[in-house]
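Residue-level structure breakdown
The residues making up each chain are set out below.
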Amino acid sequence: MMQYDLTMNEIEKLMESALFRDLGEESLARLSEGSRRLEIARGEHLFFEGDEGRDLFVLAEGGVRLYKLSSDGQETTVKLVNPIEAFAEFALFGGGDYPVSAIAIKYSVVYALSGSTFQTLLEERAFRREFISTLIGRLRYLTQRIHYLTAYDVEQRFFRFLYEQCGPVEKCRVEMPKKEIAAAIGTIPETLSRLILRLRDRGDIEWKGSTITLREGFWKDMEENPGDGPDR
């Protein structure tokens, strides 16, 4: 992992994140003090569950997967982080530990913002009000994630994943190992492999390399029978 100081252009890019776009320029400038630019190789961990939560992060480019380990070692993906999204912010309240692990699923650039600076700013009422209001959206996401894992079966979660990655197209390029796709939809690789075979036998998909091809008219059928596919 390589580290660099943030440039002015990178500090300005932080304002594109939903977590910071409502902050004033002065607050953002102070928040960026002591921040670093990190380059992470694919498969490299940014932090592990239980590590001391010293920083919050913004993904500048690439992709990061946040996951938890169960007692038997099974990974459950909490979120796939997209560029200009912030993550790991909850650990900064009260100096707690990171509740998840973060691993790069491709070469990634991440901005690490100083936790101690953040804590100082939280003591100011104006900054605290601005920032906490943005966390409401994060809580909504976690609620939706719980609903997602409990309300949909593996097949429905798989097609929702494809829709979120590529939209309603017949060819979807997914440059992720099947193990990570399985984790992203809350299952294990063996279950995903069985699902793929079943969908192939049914004529719904073809999977070659990183390209998944859905049968012609698949998304139209899902639109006519919304209970079988992703919510639009």
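Residues numbered from 1 in each chain as written. Predicted model: local features only at pLDDT ≥ 70, side-chain atom pairs only at ≥ 80, totals over all residues. Heavy atoms only, no water.

1. As for the sheet that holds strand β12 (residues 211-214)
- Pairing in this open sheet of three strands is antiparallel, and the strands run β10-β12-β11 from one edge to the other. Strand pairing shows two members of the sheet lacking a second neighbour, β10 (171-173) and β11 (205-208), which therefore form its edges. Neighbour to neighbour, the strand axes of the sheet diverge by 15 degrees on average, direction disregarded.
- Pairing geometry for β11 and β12, over four bridges, is antiparallel. When the sheet's bridge partners are listed, W207 is paired in β12 with I212. (Pairing = 2+ DSSP bridges. Helix = DSSP H or I, 4+ residues; strand = E, 2+ residues; numbered from the N terminus. Axes fitted to C-alpha atoms, helices over the stretch in contact; angles between N-to-C directions.)

2. Digging into the packing of aromatic side chains
- In the structure shown here, the tally under the stated rule is 10 aromatic pairs.
- Between the aromatic rings of F47 and Y98, the centroid separation amounts to 3.9 Å while the plane-to-plane angle is 20 degrees, which identifies the pairing as stacked. Residue F47 is located in strand β3 (residues 45-47), and its partner Y98 is located in the loop between β7 (86-87) and β8 (101-104); the two are separated by 51 residues in the primary sequence.
- Given a relative accessible area of 4%, F47 falls into the buried group.
- Seen from their ring centres, Y163 and W219 are 5.5 Å apart, and the 65 degrees between their planes marks the pair as edge-to-face. Of this pair, Y163 sits in helix α5 (residues 154-166) while W219 sits in helix α8 (residues 218-224), and the two are 56 residues apart along the sequence.
- We classify Y163 as partly exposed; its relative accessible area is 22%. (Phe/Tyr/Trp six-rings, centres within 6.5 Å; stacked < 30°, edge-to-face > 60°. Buried < 20%, exposed > 50% of the residue type's maximum accessible area, 1.4 Å probe, protein only.)

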